Amino acid sequence: MANKNRRKQIQGYAVPVPVVSVLVVAMLLLLAYVWLDVRGKALGARIKSLEQQQAELQKKYDLELLKWERIKAPQNIEKMLAQNNCAMIWPEEGNIVRLNESVDVASRMTDDKSQLAQLSILTKPLVHD
Amino acid sequence: MTEHKYQYRLFFVVLIVLGALNGLIARLVYLHFRFGEGVDRNVRIIETRRLERDLLVARGKIFDCRGNTLALDIVKKEICADPAVILSNTCAEAVAANIGRLLNVSPARIRERLNQPGRRFVYLGGYGRPVEEEQAAELENMKLPGLFMRDMMVRSYPRGNSMCHVLGYVNFDSERVGSAGIEQKWHKYLYGVHGLLISELDGRRHELYDRRLFELKPRTGADVTLTLDHYVQYVVEQALEKAVRENQASAAWAIVERVKTGEIMAMASYPSYDPNNFQNASPELMRNRCIGVNYEPGSTFKMTVIAAALNEKVVTSSQIFDCENGTWIYNRRPLHDFHPYGMLSVADIIKKSSNIGAAKVAVLLGQDKLYQYLRAFGIGRPTGIDLPGEEGGMLHPLPEWTSLSVTRVAIGHEVAVTALQMLQVLCTIANDGVLMRPYLVQQVAAPDGQILFEQHPKAVGRPIQTETAHEMKRLLARVTEEGGTGHRAAVEGYSVAGKTGTAQKAIPGGYSDTLNMASFTGFIPVDDPQLAIIVVLDEPKGAVHTGGVVACPVFGEIASQIVRYLDVPPSTTAVAEGKINDKIAGLSSPGKGL
């Protein structure tokens, strides 16, 4: 009968490794759950605040759009012109120059004055009087 | 001994702590699983914490053809109150005084609304009556107990009265139904769908995002883009207002249409109303007269008869008719001309607007053919424009025509049209005989940009041949020359064609001697028609109130501005120089006549 090696014997109660492992995993899962929960709540709060922000911005945008449309309405422009003693008139027929053909101006813009003179002939302004 | 004593103490402390913990656990379980006190308590808790809210959604916007916003939804505040809280705080007097001053209503009325201790909610400003931003801010600063504000969507029309008859308005009810104009006809696209949020609240009445049970996102309505141009509309509205003022007319209306496509660029009626305050407008003001008023067109209708006769080759433009020096007895009933004429060519019948000449042409054409052509031009049925409330005019079925009808219809009596129908006849002539369907809506687009509906020019008929249309254009151009009834419609640099009309108004038992409808319908320029315009004045009261005197200047004023705004090239052809069709002017070959 072999003698017991007393020095190798573990002192006190040893928790089995699987139990410890399970506890550790459970602990980690709990921590992960808590972390996710906190994170989820934080994200939720952020989404809510962004939603409110978006709604507020949309309200402001619509109000500004309404004001802008009122400002640029022809009746308002005429009213403002009258208030400032300004008047807009249509140009006289003789003051209107019409180009009856499109001209590639860039390709013709050279330093050669004769060519510029030629350009003015090509554009041939139409006078309708 | 001592150790034992301490052991007992320790035991008791542990026991007490454990007992307390058990109590807490029991309470938690009780609260969590909602045991005890029956179902009512649980329901009450659930209801207290429950949040169920409609998510506001905007209707689609309405734009003009240049992208200007004509109608949009904005969020405003409406004032609400909890009478129970206000009365328990004995501050009803203060609330009534402040709200009364702010909303400019009697405090007694507010007090009356607040004096309902059993109620927890009342509107103080009235249902659907929002307050302005500044008023809302002032109210918030007052911090009155039991007073709170709720968001509400309000339809806003930045241009006020402008285009009111086309745009329509939206009702105050919860569904916010479009009740007139584009708002009504295109409601199914414009209407957004409200969202729904079901969630839970915390102790401070804030939503718990992680307890959100249901969320249906709101669906914004689609945007509608019209063919109207805000500036063209403005020009027309200004001209109509001026014309009504100067001629003391009871009303006036006008339409501008693109000849080749049928797009309506302006449709205005005066007097008008503000759709932002539609509840203060009378039904008469809300009527879109351009499509909702049938009237006897008078002489403008002659072009329909002459076009039909020319198309059937029953007459030629140079054919001479005896206009009987102003009075013609037909079937024992007299027919008069405004000015007496002797011999007139068909071209001059149009130019001088002779009733007798037009009636004789119609007799030659025959009532069967005349009726067929009128139907082909779309008289007697709605044009199908995308607006509600369009009248179809009035054209009696042929069996109901009397022996006189053919001569009366020829001069625009015994028949009724809307301004749009009359304009369609002219557009057909200007468009080489092709009748286009008039339309107002260019496209409908979802908020994500997806096109839900798009409208393109559509030909719906060809009542007359191209050659006839060309001939008619030349004849109608003479109306605006010197000596023609429509010379006041002339626009410098441009050739104009058209026809004047003055019709006595039908009253019970006959026609009024004093009340009439004056109109002018024309297109510009003649050589390449771009725009057709009709102007109608109801009951002008000047010394002379014919279409040529009161409606033509309005046409000229509108057309001269629009052609420049739209950059329509000026007329360069012989028509503009007054060298019109020598064949017509010469009247060299008299043909058969009555």
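1. Quick look at the overall build of chain A
Helix and strand counts for chain A stand at 4 helices and 0 strands. Relative to its full complement of 129 residues, chain A shows a buried share of 14%. Within the structure as shown, chain A displays about 11300 Å² of accessible surface, and the carbon and sulfur contribution to it stands at 62%.

2. Some remarks on the confidence of the model for chain B
Averaged over chain B, the pLDDT score is 88; the fraction of residues at 70 or greater is 93%. Note that residues 574–594 of chain B has pLDDT below 50 and, in this model, 41 contacts with residues that lie over four places away or in other chains.

3. With respect to the pairing of strand E13 (residues 327–330) of chain B
All names here are of chain B. Relative to strand E14 (residues 333–336), E13 is paired through 4 bridges, and the arrangement is antiparallel. In the strand pairing of E14, Tyr330 is matched with Arg333. Hairpin geometry of E13 and E14 is characterised by an intervening segment of 2 residues between the two adjacent antiparallel strands and by a positive phi of about 50 degrees at Asn331.

4. Some points on the packing of helix H4 (residues 92–103) of chain B against helix H5 (residues 107–114) of chain B
All names here are of chain B. Taken N-terminus to C-terminus, the directions of H4 and H5 make an angle of 135 degrees; their axes are 8 Å apart at the nearest point. Taken together, H4 and H5 sit at an angle that is classed as oblique. Between H4 and H5 the crossing geometry is right-handed. Here H4 contributes Ala92, Glu93, Val95, Ala96, Ala97, Ile99 and Gly100 to the contact with H5, which in turn contributes Pro107, Ile110, Arg111 and Leu114.

5. Section: the environment of Met153 of chain B
Position of Met153 of chain B relative to the elements: it lies in strand E5 (residues 147–156). Taking the C-alpha atoms as reference points, Met153 of chain B and Leu56 of chain B, separated by 97 residues in sequence, lie 7.1 Å from one another.

6. With respect to the interface of chain A and chain B
Each side of the interface is counted separately: chain A has 23 residues, and chain B has 32 residues. Each partner contributes to the roughly 2600 Å² buried at the junction of chain A and chain B, and carbon and sulfur atoms together form 56% of this total. Here Lys59 of chain A ties to Asp151 of chain B by a salt bridge, and the two come within 2.9 Å at their closest N and O atoms. The tally of links between chain A and chain B comes to 8 residue pairs in polar contact (both at pLDDT 80 or more). Going through the elements one at a time, helix H1 (17–71) and helix H2 (74–83) of chain A are the ones with two or more residues in the side of chain A that touches chain B.

7. A closer look at the environment of Lys541 of chain B
As for its placement among the helices and strands, Lys541 of chain B is situated in the loop between strand E24 (531–538) and helix H20 (547–565). Apart from the residues lying within four places of it in its own chain, the contact partners of Lys541 of chain B are Asn247, Gln248, Ala249 and Ser250 of chain B.

8. With respect to the packing of H2 of chain A against helix H10 (residues 230–247) of chain B
Their axes nearest at 10 Å, the elements H2 of chain A and H10 of chain B cross at an angle of 65 degrees. Viewed along their axes, H2 of chain A and H10 of chain B adopt a mutual orientation that is roughly perpendicular. Where H2 of chain A abuts H10 of chain B, its residues Pro74, Gln75 and Glu78 of chain A lie against His230, Tyr231 and Tyr234 of chain B. In the contact of H2 of chain A with H10 of chain B, the residues fall into 3 nonpolar, 2 polar and 1 charged.

9. Remarks on the sheet that holds strand E22 (residues 497–507) of chain B
Residues and elements named next belong to chain B. Judged by pairing direction, the sheet is antiparallel, and its 5 strands sit side by side in the order E11-E10-E24-E23-E22 without closing on themselves. Each edge of the sheet is formed by a strand with only one pairing partner; in this case those strands are strand E11 (264–270) and E22. On average, each strand axis in the sheet is inclined to that of its neighbour by 10 degrees, with strand direction left out of account. Of the strand pairs in this sheet, strand E10 (residues 251–258) and E24 are connected by 8 bridges, and their pairing is antiparallel. Residue pairing in the sheet places Ala252 in a bridge with Leu537 of E24.

10. Here's the deal with the side chain of Arg159 of chain B
Mapped onto the fold, Arg159 of chain B is located in the loop between E5 and helix H7 (164–167). A distance of 2.5 Å separates the side chain of Arg159 of chain B from the side chain of His230 of chain B, its partner in a polar contact. Apart from residues no more than four positions distant in its own chain, Arg159 of chain B is found in contact with Glu69, Lys72, Ala73, Pro74 and Gln75 of chain A together with Asn68, Thr69, Leu70 and His230 of chain B.

11. A few points about the pattern of salt bridges
Residue and element names in this part refer to chain B. Under the criterion given, the structure shown has 36 salt bridges over all chains. Linking Glu183 and Arg59 is a salt bridge whose minimum nitrogen-to-oxygen distance equals 2.9 Å. One end of the pair, Glu183, is in helix H8 (residues 181–185); the other, Arg59, is in the loop between strand E1 (50–55) and strand E2 (62–63), with 124 residues separating them in the sequence. Accessibility expressed as a relative area gives 3% for Arg59, which makes it buried.

12. Digging into the state of the cysteines
Applying the stated criterion across every chain, the model contains 0 disulfides over all chains. Free cysteine: Cys80 of chain B, not disulfide-bonded; nearest cysteine sulfur from Cys91 of chain B at 16 Å.

13. Here we look at the pairing of strand E3 (residues 69–81) of chain B
All names here are of chain B. Counting buried residues along E3, 12 of its 13 residues qualify, which places the element largely inside the surrounding structure. Where E2 lies against E3, 2 bridges are found, and the strand directions are antiparallel. Looking across to E3, one finds that Ile62 is bridged to Ala71. Counted between consecutive antiparallel strands, the loop separating E2 from E3 contains 5 residues, among which Gly67 sits at a positive phi close to 85 degrees. Here 10 bridges tie E3 to E5, and the two strands are oriented antiparallel to one another. Paired with Ile79 across the two strands is Met149, which belongs to E5. Bridge count between E3 and strand E4 (residues 122–123): 2 bridges; the pairing is antiparallel.

14. Points about unusual backbone geometry
All names here are of chain B. Here Tyr270 and Pro271 are connected by a cis peptide whose omega angle stands at 5 degrees. Along the chain, the position of Pro271 falls in the loop between E11 and helix H11 (283–286). In this structure, Pro525 follows Ile524 across a cis peptide bond, with omega equal to -20 degrees. By secondary structure assignment, the location of Pro525 is in the loop between strand E23 (510–524) and E24.

15. Side note on the packing of aromatic side chains
In this description, an aromatic ring pair is defined by two values, namely the gap between the centres and the angle between the planes. Residues and elements named next belong to chain B. By the definition in use, this model includes 14 aromatic pairs over all chains. Centroid distance Tyr189 to Phe453: 6.4 Å. Interplanar angle 40 degrees. Geometry classified as tilted. Of the two residues, Tyr189 sits in helix H9 (residues 187–190) while Phe453 sits in strand E20 (residues 451–454), which places them 264 residues apart along the sequence. Residue Phe453 is classed as partly exposed on the basis of its relative accessible area, which comes to 24%. Counting every residue linked through ring pairs, the aromatic cluster contains Phe121, Tyr123 and Phe148. Directly above the ring of Trp328 sits Lys360, whose terminal nitrogen or CZ lies 5.2 Å from the centroid.

Reading the values: the criteria
Residues numbered from 1 in each chain as written. Chains lettered and ligands numbered in written order. Predicted model: local features only at pLDDT ≥ 70, side-chain atom pairs only at ≥ 80, totals over all residues. Heavy atoms only, no water. Helix = DSSP H or I, 4+ residues; strand = E, 2+ residues; numbered from the N terminus. Buried < 20%, exposed > 50% of the residue type's maximum accessible area, 1.4 Å probe, protein only. Areas by Shrake-Rupley, 256 points an atom, 1.4 Å probe, with all protein chains shown as cover. pLDDT = per-residue confidence, 0-100. Contact = heavy atoms within 4.5 Å. Pairing = 2+ DSSP bridges. Axes fitted to C-alpha atoms, helices over the stretch in contact; angles between N-to-C directions. Parallel < 35°, antiparallel > 145°, perpendicular 65-115°, else oblique. Left-handed = near helix turned anticlockwise from the far one by under 90°. Buried area = accessible area lost by both parts, 1.4 Å probe. Salt bridge = Lys/Arg side-chain N within 4 Å of Asp/Glu carboxyl O. Polar contact = N/O pair within 3.5 Å; in protein donor to acceptor, adjacent residues only side chain to side chain. Nonpolar A, V, L, I, M, F, W, Y, C, P; charged D, E, K, R; others polar. Disulfide = S-S within 2.5 Å. Phe/Tyr/Trp six-rings, centres within 6.5 Å; stacked < 30°, edge-to-face > 60°. Lys NZ or Arg CZ within 6 Å of the ring centre and 35° of its normal.

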